[in-house]
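What follows is the residue order along each chain.
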Amino acid sequence: EQEQEQEQEQEQEQEQQQQQQKEQEQEEEEEVDDYRREKYVREDEYPHKWPLAKLKEPPGEMVQGFFPASDFAVHRSFMEKKGPLHWPSYLQFSSDHTHPRWRFQSHRRLKNVIVLLEWLPDTALSGGAGGMGLDAKAEKALKLSAGATTRLGRMFEMYDVQSSGAIGEEHLDHCFYDMGLRPNSDAVDAEAVSEQKEALRRMHFVRGGAHGQELALPAAHWPKMMQEQRFLRGDTGRFWVALSLREAEALRGAIHLAMDTGEPLVPDSRVAVGLRAGHMMIDCVGPPKPAPGGSGGAISFTAAASVEPFPRAPRLQLDSAVSAFRFIDSQLAFTERHARLLLRMLRLDAPQDRRKWFQDVCGCRRRPQNKLINIKRGGIATAVNVEDEYHLLVQAATLWRVGREMSHRQLGTHDLYHAFNGKRDGYLTCGELAAGLAWLGVKVSEDDLHAFLRGLDSNADGLLTLDEWAAGFPLLAESEPATHEALATLSLKPKQVRELFEGATAKKKEFAPVPPDRLAKFKFKLHAHKAYTQIFTSKRTDLREQLTLWEPDVDDRSKLLSAKKARFKVCLGHYAVGGSESPARGLRTAPMVLEVTDTSITMGLSASEHLAAVVEQLLPPPLRYRLAWHSEEHELWVWRAVPPGAAFLALGMVATRSEEPPPPHAMCCVPRRWCVRDAERPRAIWKDSGGAGRPGSIWATGIQLQLMLAVLGHDPPPADLAWRLGTDRWYAVPERLRDLIETVDPRASMVGGGWNPREAEAATTSADGWLASKKLELQARQPPPGSVQASLAQSDNPWGSAPGGGGTVPEPVSPGGLLALAAEADLSSAIPARAMPP
């Protein structure tokens, strides 16, 4: 039953890895594949044979031809002194798979690691602690760096909830859990943890408690315990060997023969052998049982003798071995748990050495180099970029501490997220998170803050959504009645920290502030478009399905600053048609482009002085582009735009005929607050059935925009690409756009005591609201009471109220009276048309 449960867990992990790999291929930034080209040779590639009887002896190059994985590397130049990585001694290679001395001679193509030999030369000598860590010499050479010591100190602070200078047994168990130990369900882990605790008690690390003497690990001994890691258990006499396929085939035949005849695999031995493909055991045979009544452990080799089951490997050691050979095999899909195991095994190797080694090995397996260099997320990025596993443990300890504070204070995950997210935009920034953690009483450095956010950020965009935040605390309630109302009124000021989302540090163009009344006159409208330029056509190609890509002919964005007009059309993306017709005929309805109009300009040939500022700030170009899919054979590249910040979205994609990305002004982004999720699923336009290269497909968004989307594979685009505008036409609302566009604050130019902020906020963007705001503005310009100017103006007060009233809403006046006053104040050009007299 335990074996079945283990296999089920392993199958689930494999499915999760496959899904993560698929998502990674779809979402991560990709470049044009560029394989490393070297002068590869195939000399001296002869079969290496070894007697089956040698399996009862320890591994050795002169015995079976096995050599440690710590000797495995590829050929480098003479100037590159860095060699193999420091893998544990239980990881071995067969010389028939890879010869250890090839790295000194020339570049060679590497065989994939497909089948592993799990092997115990003598089951009677296996077991004990020490197999999980490094070799004895490496353990002595390992010293904690200053950074590792600092990270261990921060871990201690998280687990030391009472700030007593010692960690109790309950909190120490959480630390063991974060390191992957499961003492409640794994007997090996339970024994290792129990022995570690007993060793601490023998050192008198205890304190008085409600139930007598309780374990209390002091801060001085904490780094030593974490460095030695005696609580990690592995079999010292167990090995995993990467075999060639012909070796695996021959050995499997020998295993089947032994099972059929009842003969031992290796006479006069207690050898246990198994063949694995990853976690899956293909075939295995255990040692024969001692003869009944025999003395001295005598072994019976008769056909009727029974065979012991194959000894089960310690869970963490098996996971470490499989993860190590997947890393050696240049695979890319790793979970954070597997990355932590890799970091644990490679503690002696610096990140730059791991990264260089991995890239060199990938180059000998025809893996695309540009893709490897630009990997920025996932477990593989952690394994080659992070210094040690303590980075991940600090993150796990912080997550546990935050969850504990939330549980003790009865704070719901959703309630707390909305309280931290002061902008209420559904995207938690580093500054907001830092303020929230400080409010909880959890002290973190900026590095720890970034690591904490990255650990929860599933799509690596530098922001936390509600689902991402809640997924980190699955055992906590979404809302707690006891604190719901208090959190609803909580207001926190974001802290000044470095943000992680793209565009956070981008410099914005500077424009003159736009008066709110002028901004309120800008109209945005989806306009049916008819003129297009063809980008790509499948005519005269070998594509089975027809495809034509089109770019709308809109105003030149690069000439926006010099444009003398009051109306401007922008491109939201390109269009795809499953045929040769233009989008106006080939799509279900005429496609739309977004048109921006300054309605305050009534003369047809007049120019808007604020058009460039409005377009550039509210409809900005992308920061850059990511390659969504490409076909070198047909010279087609489709790009996904990277918005300039979390407040913007890119609704479509653009295509080019070369590998050079399009210019930034090729399309524009729109404010996220103007968009809603598109309920209509994207419609398939084209799939590269039978084409060469990586499979891809072209889709069109909903009926409103019908913009082109491209994805790897033939599955529909993910939900984060399906957006639409909330309406077809609207006017700008200055009060809701203050964080996106710089406007003029009316109070900055006012004197006197007539300004009331609450009354100013009540003014709307309609004509009546604009009139009210102008009355307040002009009323604030009245001279102070008692002055000569006030006495002169009292008899001719156009507002019909006492001068200096300030705090009251002015009485209505006729449009003509307002025009007279506006002319005096030089505001007539900004008066809405509805306020003009007939």
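Quick caveat: nothing in here was measured; it's all calculated off a predicted structure. (Residues numbered from 1 in each chain as written. Predicted model: local features only at pLDDT ≥ 70, side-chain atom pairs only at ≥ 80, totals over all residues. Heavy atoms only, no water.)

Trainee: Any details on the sheet that holds strand β3 (residues 115–120)? Residues and values, ideally.
Mentor: As a general point, the strands of a sheet are linked pairwise by backbone hydrogen bonds and lie either parallel or antiparallel. Ordered by their spatial adjacency, six strands build an open sheet running β1-β2-β7-β3-β8-β9, and the pairing between neighbours is mixed. Two strands lie at the open edges of the sheet, namely β1 (66–68) and β9 (280–285), each paired on one side alone. The sheet shows a mean angle of 30° between the axes of neighbouring strands, taken without regard to direction. Where strand β8 (residues 272–277) lies against β9, five bridges are found, and the strand directions are antiparallel. In the sheet register, Leu275 faces β9, and the bridge partner there is Asp283. (Pairing = 2+ DSSP bridges. Helix = DSSP H or I, 4+ residues; strand = E, 2+ residues; numbered from the N terminus. Axes fitted to C-alpha atoms, helices over the stretch in contact; angles between N-to-C directions.)

Trainee: Lay out helix α14 (residues 413–420) in plain terms, naming residues and giving numbers.
Mentor: Along an α-helix, residues three or four apart share an orientation, since each turn contains 3.6 residues. The element α14 is largely enclosed, with a buried count of seven among its eight residues. Burial in α14 covers these residues: Thr413, His414, Asp415, Leu416, Tyr417, Ala419 and Phe420. Of the surrounding secondary structure, the elements contacted by the buried residues of α14 are α13 (390–408), α15 (430–440), α17 (466–471) and α18 (481–488). (Buried < 20%, exposed > 50% of the residue type's maximum accessible area, 1.4 Å probe, protein only. Contact = heavy atoms within 4.5 Å.)

Trainee: I'd like to hear about the packing of α15 against helix α16 (residues 446–456), residue by residue, with values.
Mentor: At their nearest, the axes of α15 and α16 sit 10 Å apart, and the two run at 110° to each other. Relative to α16, the element α15 lies roughly perpendicular. Contacts from Cys430, Leu433, Ala434 and Leu437 in α15 reach Leu449, His450, Phe452 and Leu453 in α16. For the contact of α15 with α16, a count of residues per class yields seven nonpolar, one polar and no charged. (Parallel < 35°, antiparallel > 145°, perpendicular 65-115°, else oblique. Nonpolar A, V, L, I, M, F, W, Y, C, P; charged D, E, K, R; others polar.)

Trainee: A description of the packing of helix α10 (residues 351–363) against helix α12 (residues 378–385) should follow, citing residues and the corresponding values.
Mentor: Between α10 and α12, the least distance of the axes is 7 Å, while the angle of their chain directions is 125°. One finds that α10 runs oblique with respect to α12. For the pair formed by α10 and α12, the contact residues are Pro351, Arg354, Arg355 and Phe358 on the first element and Ile380, Ala383, Val384 and Asn385 on the second. Grouping the amino acids of the contact of α10 with α12 by side-chain chemistry returns five nonpolar, one polar and two charged.

Trainee: Residue-level account of the pattern of salt bridges, with values.
Mentor: Scanning the model with the defined rule gives 30 salt bridges in all. Residue Arg201 is joined to Glu169 by a salt bridge in which the shortest nitrogen-to-oxygen separation is 3.0 Å. Taken together, the residues Arg201 in helix α5 (residues 187–202) and Glu169 in helix α4 (residues 169–178) connect sequence positions 32 residues apart. Take Arg201: its relative accessible area is 28%, and that puts it in the partly exposed class. Notably, a salt bridge pairs Glu308 with Arg270, separated by 2.9 Å at the nearest N-O pair. Of this pair, Glu308 sits in the loop between β9 and α8 (315–328) while Arg270 sits in the loop between α7 (245–261) and β8, and the two are 38 residues apart along the sequence. For Arg270, a relative accessible area of 17% translates into the label buried. Salt bridges here are not isolated pairs; linked through shared partners, they connect Glu169, Asp173, Lys197, Glu198 and Arg201. (Salt bridge = Lys/Arg side-chain N within 4 Å of Asp/Glu carboxyl O.)

Trainee: Before we move on, could you go through the state of the cysteines and cite the residues and values that matter?
Mentor: Under the definition given, this model contains zero disulfides. Counting only cysteine sulfurs, Cys669 is the nearest neighbor of Cys675, a cysteine outside any disulfide, at a range of 10.0 Å. (Disulfide = S-S within 2.5 Å.)

Trainee: Please set out the pairing of strand β19 (residues 653–656) residue by residue, giving values where relevant.
Mentor: Covered by surrounding structure in β19 are Met653 and Ala655 together with Val654 and Thr656, the residues of both alternating faces. Two strands pair when backbone bridges link them, and strand β17 (residues 636–642) and β19 are joined in this way by four bridges, in the antiparallel orientation. The residue of β19 that forms the bridge with Arg640 is Met653.

Trainee: Please give an account of the environment of Glu632 that cites residues and values.
Mentor: For Glu632, the location among the structural elements is in the loop between β16 (624–631) and β17. The partly exposed category is assigned to Glu632, whose relative accessible area is 45%. Spatially, the C-alpha atoms of Glu632 and Arg694 are 9.8 Å apart, while their sequence positions differ by 62 residues.

Trainee: Give me the packing of aromatic side chains: which residues, what numbers.
Mentor: Applying the stated criterion across every chain, the model contains 24 aromatic pairs. Taken together through their ring pairs, the aromatic side chains of Phe67, Phe72, Trp87, Phe93, Phe325, Phe327, Phe334, Trp357 and Phe358 make up a single cluster. Across the ring face of Tyr177, the terminal group of Arg182 is positioned such that the distance to the ring centre comes to 3.7 Å. The ring of Phe334 carries the charged tip of Arg326 above its face, separated from the ring centre by 4.4 Å. (Phe/Tyr/Trp six-rings, centres within 6.5 Å; stacked < 30°, edge-to-face > 60°. Lys NZ or Arg CZ within 6 Å of the ring centre and 35° of its normal.)

Trainee: Requested: an account of the sheet that holds strand β22 (residues 683–687), with residues and values cited.
Mentor: Sheet architecture is open: three strands sit in the order β22-β23-β24, paired in antiparallel fashion. Edge strands, defined here as strands with exactly one partner in the open sheet, are β22 and β24 (708–712). When strand polarity is set aside, the average angle formed by the axes of neighbouring strands in this sheet is 30°. Of the pairings in the sheet, the one linking β22 to strand β23 (residues 696–700) comprises four bridges and is antiparallel in character. Residue Arg683 lies in a different strand from β23, and its bridge partner there is Ala700.

Trainee: Account for helix α3 (residues 146–159), with residues named and values stated.
Mentor: The end-to-end C-alpha distance of α3, which contains 14 residues, comes to 20 Å, matching closely the 20 Å that a straight helix rising 1.5 Å per residue would cover. Those residues of α3 not exposed but buried are Ala148, Arg151, Leu152, Met155, Phe156, Met158 and Tyr159. Projected down its long axis, α3 carries its buried residues within an arc of 160°, all on one side. Exposed and oriented more than 90 degrees from the buried face of α3 are Ala146 and Glu157. (Expected span 1.5 Å × (residues − 1). Arc of directions from axis to C-beta.)

Trainee: Tell me about the environment of Thr429, residues and numbers included.
Mentor: Assignment of secondary structure puts Thr429 in the loop between α14 and α15. Under the relative-accessibility criterion, Thr429 is labelled buried at 11%.

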